[in-house]
Amino acid sequence: FSLTPSRYSGVGLALCQRLLEEDGRIHLCIACRNEQKSEATRDLLLATHPAAQVSTVEVDLGNLASILRAARELRCRFQRLDFIYLNAGIMPNPHVNFKALWHGLLTGKVLHMLTTAEGIMTQTDRLNGDGLQEVFATNLFGHFILVRQLQSLLCGNEKPSRLIWTSSSNARESAFSLSDYQHAKGQESYSSSKYATDLTSVVLNRKFNGQGLYSSVVCPGLVMSNMTYRILPIFLWKLLMPIMWLIRFFAKTYTLTPYNGAEAHVWLFKQKPEYLDSLVKYHSCTSGLGRCYVEPRKMDVDEDTAEKFYQKLLELEEQTLEKYRDLLD
């Protein structure tokens, strides 16, 4: 059984298609905040895999009540979960710092900046209905609460269960602070939330490997998706695309297509989690000639910071769920 929360376009849809190509016997559950989109995605998958088991559940990862209702429904419907792909994410109002980009060009750092977005991407964040920073809530905390609520389906099974988080090469320690882990005071909320994802995965392995739950982190590379297209006007992307295909000869993380971006997600589906390194992030890569492969890279994560952050997540969980006692078992 595989549960895949996503904004069902881009990597999320490609991942579903590729998982069914790998194993048509799995029961795939599409978790999406838009019921019409999830049903349309289900129909699309069944059109190419008519014998597949595909179901849906409605959940908004930026809304705690929605998460709790979805978790309750899943606990009623299923006895175990083998995989959860934690793939939902937002980057509201992204802006490119062209001055920083020009400086990178002059100093020879432009390729690094283009492959990580370091120093050139800022976002405008806001509070959501639960009083949490929207990017933090959607990209990290909502997933964390979902995992906590589904713990009974993930731990103590005959076979290991897997969490596979979609992180980013933009996940940087310099954008994250324990004293402002929701990133209310900065302008790189996306980078902060992805570094928080890396920290969370590391701690979950330490806490739950003994109960048969394993966590991994992937980076899909630069994928042209709805999120990416909002960064620049469409006409600029059309002008830049030939250049981006050329850059891929030098920047292997320019996966560009959702199919290529899902390479690491699918690769992990076929691995034995006991032999994976919990301090490694698995990157989807594509060669200049279009060959897909996976590259493991050590994460720049301090395990002591990860433990402290985990404790803060538990404290925030207790505070925020206090008003939702009617949705808790």
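Predicted model, so just to flag it, every value in this text is computed and none were measured.

A.B. asks: I would appreciate a short explanation of a nonpolar patch on the surface in the present structure.
C.D. replies: A surface patch of nonpolar side chains, about 550 Å² in accessible area, is lined by Leu246, Phe249, Phe250 and Leu289. Note that phenylalanine 250 resides in the loop between helix H10 (234-247) and helix H11 (258-261).

A.B. asks: How should the pattern of salt bridges be read in this particular structure?
C.D. replies: A side chain with one charge can pair with a side chain of the opposite charge if their charged atoms come near. This model, assessed by the stated rule, comprises 17 salt bridges. Across the salt bridge formed by lysine 270 and glutamate 22, the nearest N and O atoms sit 3.7 Å from each other. You can see lysine 270 sitting in the loop between helix H12 (263-269) and strand S9 (280-286) and its partner glutamate 22 sitting in helix H1 (residues 11-22), a full 248 residues away along the chain. Using a relative accessible area of 38% as the deciding quantity, one classes glutamate 22 as partly exposed. Lysine 308 is the partner of aspartate 304 in a salt bridge, and the nearest nitrogen-oxygen pair spans 3.3 Å. One end of the pair is aspartate 304 and the other is lysine 308, both in helix H13 (residues 303-320) and four residues apart, which spans about a single turn. Taking the relative accessible area as the measure of exposure, aspartate 304 reaches 45% and is therefore partly exposed.

A.B. asks: Hey, could you run me through the pairing of strand S8 (residues 213-219) in this one?
C.D. replies: For a regular strand, the rule is simple: side chains alternate between the two faces of the sheet. Summarising burial for S8: seven of the seven residues are buried, a large majority. Of the two faces of S8, both are covered, the one formed by Leu213, Ser215, Val217 and Cys219 as well as the one formed by Tyr214, Ser216 and Val218. One ladder, built from three bridges, connects S8 with S9; its direction is parallel. What sits directly across from cysteine 219, in S9, is histidine 283.

A.B. asks: Please clarify how the pairing of strand S3 (residues 53-58) should be interpreted in this entry.
C.D. replies: Where strand S2 (residues 27-32) and S3 come together, six bridges link them in parallel fashion. Of the residues in S3, the one forming a bridge with cysteine 29 is serine 55. Each parallel crossover has a hand, and for S2 linked through helix H2 (residues 35-48) to S3 it is right-handed.

A.B. asks: Could you clarify how one ought to interpret H13 in this entry?
C.D. replies: Owing to its 3.6 residues per turn, the α-helix aligns residues three or four sequence positions apart on the same side. Given a rise of 1.5 Å per residue, 18 residues ought to cover 26 Å, and the 25 Å separating the end C-alpha atoms of H13 matches this to within 8%. Residues of H13 that are buried: Thr305, Ala306, Glu307, Phe309, Tyr310, Leu313, Leu316, Glu317 and Thr320. For H13, the elements touching its buried residues are helix H3 (64-77), helix H6 (134-149) and helix H8 (189-208). In this structure aspartate 302 caps H13, since a side-chain oxygen of it lies 3.3 Å from the backbone nitrogen of aspartate 304.

A.B. asks: Would you explain the packing of H1 against H2 in this entry?
C.D. replies: The axes of two packed helices give the description: the angle between them and the distance between them. As a packed pair, H1 and H2 sit with axes 11 Å apart at the nearest point and diverge in direction by 35°. The crossing of H1 and H2 is right-handed. Only Thr41, Leu44 and Leu45 of H2 make contact with H1, whose side of the interface consists of Leu13, Cys16, Gln17 and Leu20. Its residues placed into classes, the contact of H1 with H2 shows five nonpolar, two polar and no charged.

A.B. asks: Whenever I open this one, unusual backbone geometry confuses me. Can you help?
C.D. replies: Leaving glycine out, the prevailing phi sign among residues is negative, and the prevailing peptide bond configuration is trans. In this structure, histidine 183 takes a positive phi of about 60° despite not being glycine. Following the sequence through the fold, histidine 183 ends up in the loop between strand S7 (161-166) and H8. Taking relative accessible area as the criterion, histidine 183 reaches 8% and is therefore assigned buried. Residue leucine 256 is not a glycine yet carries a positive backbone phi of 70°. Positionally, leucine 256 belongs in the loop between H10 and H11. Here leucine 256 falls in the buried class, since its relative accessible area comes to 3%.

A.B. asks: Help me understand the side chain of histidine 283 in this model?
C.D. replies: Its location among the elements puts histidine 283 in strand S9. A relative accessible area of 5% places histidine 283 in the buried class. If we skip the residues at most four places from it in the chain, histidine 283 touches Ser169, Cys219, Thr253, Ala264, Tyr293, Val294, Glu295 and Arg297.

A.B. asks: Would you mind showing me how to read the nonpolar core here?
C.D. replies: Considering soluble globular proteins, one finds that nonpolar side chains tend to be buried as a cluster. In terms of nonpolar packing, the biggest core is built from 54 residues, with Phe141, Leu150, Leu163 and Phe309 touching the most fellow members. Ranked by the residues each element gives to this core, the list is headed by H6, at eight residues. For phenylalanine 141, the contacting residues outside a window of four places in its chain are Leu64, Leu132, Phe136, Leu313, Leu316, Glu317 and Thr320.

A.B. asks: Explanation requested: H1 in the structure shown.
C.D. replies: An ideal rise of 1.5 Å per residue puts 16 Å on 12 residues; H1 measures up with 16 Å between its terminal C-alpha atoms. Of all 12 residues that make up H1, nine are buried, and the element is covered over most of its length.

A.B. asks: How should the state of the cysteines be read in this particular structure?
C.D. replies: In a disulfide, the sulfur atoms of two cysteines are held together by a covalent bond. Taken as a whole, this structure holds zero disulfides when the rule is applied. Summary of cysteine pairing: cysteine 29 is not part of a disulfide, and the nearest cysteine sulfur, belonging to cysteine 16, is at 9.7 Å. Here cysteine 292 stays unpaired: no disulfide links it, and the sulfur of cysteine 285, its closest cysteine neighbor, is 9.5 Å away.

A.B. asks: Could you clarify how one ought to interpret the packing of aromatic side chains in this entry?
C.D. replies: For any two aromatic rings, the description comes down to two numbers: the centre-to-centre distance and the angle of the planes. For the coordinates displayed, the defined rule picks out 10 aromatic pairs. Here phenylalanine 83 and phenylalanine 269 contribute two aromatic rings whose centre-to-centre distance is 4.9 Å and whose plane-to-plane angle is 40°, an arrangement assigned as tilted. Here phenylalanine 83, found in strand S4 (residues 83-86), pairs with phenylalanine 269, found in helix H12; they are 186 residues apart in sequence, far enough to count as distant. The residues phenylalanine 83 and phenylalanine 269 share a single accessibility class, namely buried. Plain terms: the ring middles of phenylalanine 144 and tyrosine 310 are 6.0 Å apart, the flat faces sit at 85° to each other, and that makes the pair edge-to-face. A residue pair is termed long-range when its members are at least 10 positions apart, and phenylalanine 144 in helix H6 and tyrosine 310 in helix H13 qualify at 166 residues.

So, how was this worked out
- Residues numbered from 1 in each chain as written.
- Predicted model: local features only at pLDDT ≥ 70, side-chain atom pairs only at ≥ 80, totals over all residues.
- Heavy atoms only, no water.
- Patch = residues over 30% accessible without salt bridge, like charges linked within 9 Å, V, L, I, M, F, W, Y side chains within 5 Å.
- Areas by Shrake-Rupley, 256 points an atom, 1.4 Å probe, with all protein chains shown as cover.
- Salt bridge = Lys/Arg side-chain N within 4 Å of Asp/Glu carboxyl O.
- Helix = DSSP H or I, 4+ residues; strand = E, 2+ residues; numbered from the N terminus.
- Buried < 20%, exposed > 50% of the residue type's maximum accessible area, 1.4 Å probe, protein only.
- Pairing = 2+ DSSP bridges.
- Right-handed = clockwise from strand over helix to strand, strands pointing away.
- Expected span 1.5 Å × (residues − 1).
- Contact = heavy atoms within 4.5 Å.
- Polar contact = N/O pair within 3.5 Å; in protein donor to acceptor, adjacent residues only side chain to side chain.
- Axes fitted to C-alpha atoms, helices over the stretch in contact; angles between N-to-C directions.
- Left-handed = near helix turned anticlockwise from the far one by under 90°.
- Nonpolar A, V, L, I, M, F, W, Y, C, P; charged D, E, K, R; others polar.
- Core = buried A, V, L, I, M, F, W, Y, C linked by side-chain atoms within 4.5 Å.
- Disulfide = S-S within 2.5 Å.
- Phe/Tyr/Trp six-rings, centres within 6.5 Å; stacked < 30°, edge-to-face > 60°.

Scope: geometric values only; no functional claims are made or implied.
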